[in-house]
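# Architecture at a glance
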Amino acid sequence: MPSLFIAGEQVEASPPIVAYKIMSLIETKADEKVSIFDITDGFRKEKWFSYNNIVLGLIFLYSTGLIDFDEPYVVKNVEN
């Protein structure tokens, strides 16, 4: 059965934690939308960074209905 947390994985790299960090980045913007490129650029110096982690975090947010995509932007889909 798939799991959100894998036993040997860093907790910081799990999809829910990465999703939280992405939402925090989106909320810092006035119009609550951010470019995909800004997301990768903002996190690329983090220890947990990989494109796979970013994609899994975005999938987590999209599947829960918290974000939507308006290419090339990620838009917050809920109110505070």
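### Some remarks on the sheet that holds strand E3 (residues 73-76)
Pairing between the strands of a sheet comes from backbone hydrogen bonds, and it takes one of two forms, parallel or antiparallel. As summarised here, the arrangement of the three strands in space is E1-E3-E2, forming an open sheet in which the pairing is antiparallel. The sheet is open, and its two edges are formed by strand E1 (33-35) and strand E2 (67-70), each paired on a single side. Strand after strand, the sheet turns through a mean of 25° between neighbouring axes, direction not considered. Across four bridges, E2 lies against E3 in antiparallel orientation. Bridge pairing in E3 links Phe-69 to Val-74.

### Considering unusual backbone geometry
Omega for the peptide link from Glu-71 to Pro-72 comes to 0°, which places this bond in the cis form. Its place among the elements puts Pro-72 in the loop between E2 and E3. Although it is not a glycine, Glu-32 sits at a positive phi angle of roughly 55°. If you trace the backbone, Glu-32 turns up in the loop between helix H1 (15-27) and E1. In this structure Glu-32 comes out as partly exposed when scored by relative accessible area, which is 22%.

Thresholds applied
Residues numbered from 1 in each chain as written. Predicted model: local features only at pLDDT ≥ 70, side-chain atom pairs only at ≥ 80, totals over all residues. Heavy atoms only, no water. Pairing = 2+ DSSP bridges. Helix = DSSP H or I, 4+ residues; strand = E, 2+ residues; numbered from the N terminus. Axes fitted to C-alpha atoms, helices over the stretch in contact; angles between N-to-C directions. Buried < 20%, exposed > 50% of the residue type's maximum accessible area, 1.4 Å probe, protein only.

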